[in-house]
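An overview of the molecular structure
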Amino acid sequence: MVSIGQPWMWVVFIIFILWWYLKGNVGDEIANQKAVEFLTWYVIEKSLSIDNIFVFLMIFSTFKVPAEYQRRVLLYGILGAIVLRASIIMAGAWVVQELHWILYVFGGFLLINGLRMILVSEKDPDLENSALLRFVSKHLRISKALHGDRFTVIQNGVTYFTPLFLVLLLIEFSDVIFAVDSIPAIFPITTDPFIVFTSNIFAILGLRALYFLLLDIVGRFHFLKYGLAVVLMFIGTKMLLAYWVHISVVASLAVIAAALITSVIASVVLKEKQS
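Residues numbered from 1 in each chain as written. Predicted model: local features only at pLDDT ≥ 70, side-chain atom pairs only at ≥ 80, totals over all residues. Heavy atoms only, no water.

1. Let's talk about the overall build of the protein chain
What counts here: Starting at the N terminus, helices and strands are each numbered in turn, a helix being any DSSP run of H or I of at least four residues and a strand any DSSP run of E of at least two. We call a residue buried when its accessible area falls under 20% of the maximum for its residue type, exposed when it is over 50%, and partly exposed in between, using a 1.4 Å probe and counting protein chains only. By the convention used here, residues are in contact when the closest approach between their heavy atoms is within 4.5 Å. Accessible surface is estimated by sampling points in the Shrake-Rupley manner with a 1.4 Å probe; for residues, cover comes only from the protein chains shown.
Across its full length, the protein chain carries 10 helices and two strands. Going through the 275 residues of the protein chain one by one, you find that 42% of them count as buried. Put simply, of all contacts in the protein chain between residues at least 6 apart along the chain, 78% involve residues at least 24 apart. Carbon and sulfur atoms provide 67% of the accessible area of the protein chain, an area that totals close to 15000 Å².

Shown next as structure tokens:
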């Protein structure tokens, strides 16, 4: 089955971007810049989505969701994420256009978030007692057991939501949290709505395939969070210094790639030394 989230599809899309902007007679330089902007944000979003995968694993493990049902949850979760992120992106683009100084706020937020990832040891959240699930359980009828891959079930003529529906809600809620963390990082790269939206959506559409690809090995990349923290801190610093220092998109892509590759190599090498 062909998926728009497969790696070769975004390569094709980059070629399409080059063709589209060249067709508009904007010049080779601008067309190349747009292609690099797309690739840079795609790499950032794809890397940050590793955190999503850790959370997905935790949610599925907590609620003991069998692997055969996880695919359906992720499918609907990603479709919902597209709608939610599109809304957040449009709102963010409008805010940046109307209030340019908000970029400094975003920059400070990303810098603090990156420092937090390095300095603060986070405990696993108590998902079963989360405020979201308490609210939903209070206002909806929830069945006590899974009913296959169904989100609702009728018992004695009454409609109940299944625990799988609660899992879907947690998946959607966690993605919104990650979107709030990650989307501000794109605006120092580009404010072009077309690039912002397409790069984000391409990364999201590949998330389901990435989850199952990394399912058994994601825990081995112990130092990846430090690489992601460096990426957030770099982008935050770039936003805060934008008035005085200009860092090109190509240079940004090089720094981001170096941070991520270094963290992955460090995870593999140090793991082998400990074995």
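Now that the structure has been shown, we can carry on.
2. A short note on the side chain of S252
Worth spelling out the cut-off: In protein, a polar contact requires one atom able to donate a hydrogen and another able to accept it; more generally it is a pair of N or O atoms within 3.5 Å, and residues adjacent in sequence count only if both atoms are side-chain atoms.
Counting through the fold element by element, S252 comes out in helix α10 (residues 249-274). Judged by its relative accessible area of 0%, S252 falls in the buried class. There is a polar contact of 2.8 Å between the side chain of S252 and the side chain of K238. Ignoring anything within four residues of it in the chain, the contact list for S252 reads I189, F234, K238 and I247.

3. A closer look at the packing of aromatic side chains
To be explicit about the condition: A pair of aromatic rings is counted whenever rings of Phe, Tyr or Trp (Trp by its six-membered ring) have centres within 6.5 Å, and the orientation is called stacked for planes under 30 degrees apart, edge-to-face for over 60 and tilted otherwise.
Tallied over the entire structure, the rule returns three aromatic pairs. The interplanar angle of 90° and the centroid separation of 5.5 Å between the aromatic rings of Y76 and F151 together place this pair among those described as edge-to-face. In this pair, Y76 is assigned in helix α3 (residues 67-98) and F151 in the loop between α5 (131-139) and β1 (152-155), connecting sequence segments 75 residues apart. Given a relative accessible area of 37%, Y76 falls into the partly exposed group. The class for F151 is buried, based on a relative accessible area of 12%. An angle of 35° between the planes, with centres 4.5 Å apart, marks the rings of F161 and F165 as tilted.

4. Points about the nonpolar core
Note the cut-off: Here, nonpolar core refers to any group of buried Ala, Val, Leu, Ile, Met, Phe, Trp, Tyr and Cys residues whose side-chain atoms link them within 4.5 Å.
Of all hydrophobic cores here, the largest spans 56 residues; its most connected members are I44, F60, V73, V167 and I235. Excluding residues within four positions of it along the chain, V167 makes contact with I59, F60, F63, V65 and V73.

5. Some thoughts on helix α9 (residues 224-240)
The periodicity of an α-helix, 3.6 residues per turn, causes residues three or four positions apart to be oriented the same way. Condition: To estimate the expected span of a helix, subtract one from its residue number and multiply by 1.5 Å.
The end-to-end C-alpha separation of α9 is 24 Å, in line with the 24 Å expected for 17 residues at 1.5 Å each. Those residues of α9 that sit buried are L224, G227, L228, A229, V231, L232, F234, I235, G236, K238 and M239.

6. Topic: the confidence of the model for the protein chain
Short version of the rule: Values of pLDDT, which run from 0 to 100, indicate the predictor's confidence residue by residue.
Across the protein chain, the average pLDDT comes to 77, with 84% of residues at 70 or higher. In the model of the protein chain, helix α1 (residues 7-23) stands out as the element of lowest mean pLDDT, 70, in contrast to strand β2 (residues 158-161), which has the highest, 89.

7. A look at the pairing of β2
Convention followed: The criterion for strand pairing is that DSSP finds at least two bridges linking the strands in question.
Pairing between β1 and β2: four bridges, direction antiparallel. Bridge pairing in β2 places Q155 opposite V158. The hairpin formed by β1 and β2 contains two residues between the paired strands, and N156 there has a positive phi angle of roughly 55°.

8. Looking at a nonpolar patch on the surface
To be explicit about the condition: Only residues whose relative accessible area exceeds 30% and that take part in no salt bridge are eligible for patches, with like-charged residues grouped when within 9 Å of each other and nonpolar side chains (Val, Leu, Ile, Met, Phe, Trp, Tyr) grouped when within 5 Å. We define a salt bridge as a contact between a side-chain nitrogen of Lys or Arg and a carboxyl oxygen of Asp or Glu at a distance within 4 Å.
On the surface, a nonpolar cluster with roughly 880 Å² of combined accessible area is contributed by L99, W101, Y104, V105, L241, Y243, W244 and V245. As for its position among the elements, W101 is in the loop between α3 and α4 (102-119).

9. Focus: the packing of α4 against α9
Put simply, the test is: For helices, the axis comes from a line fit to the C-alpha atoms of the stretch in contact; other axes are also lines fit to C-alpha atoms, and the angle between any two N-to-C directions lies between 0 and 180 degrees. Any angle from 65 to 115 degrees is called roughly perpendicular, while one under 35 is roughly parallel, one over 145 is roughly antiparallel, and all others are oblique. With the far helix as reference, a near helix turned anticlockwise by less than a right angle produces a left-handed crossing, and one turned clockwise produces a right-handed crossing. Note on residue classes: Ala, Val, Leu, Ile, Met, Phe, Trp, Tyr, Cys and Pro are nonpolar, Asp, Glu, Lys and Arg are charged, and everything else, Gly too, is polar.
For the pair α4 and α9, interaxial distance at closest approach is 7 Å and the crossing angle is 155°. As summarised for this structure, α4 and α9 are arranged roughly antiparallel, according to the angle between their axes. For α4 against α9, the interelement crossing comes out left-handed. Here α4 contributes L103, Y104, F106, G107, G108, L110, L111, N113, G114, L115, M117 and I118 to the contact with α9, which in turn contributes K225, Y226, L228, A229, L232, M233, I235, G236, T237, M239 and L240. Considering only residue class, the contact of α4 with α9 consists of 16 nonpolar, six polar and one charged.

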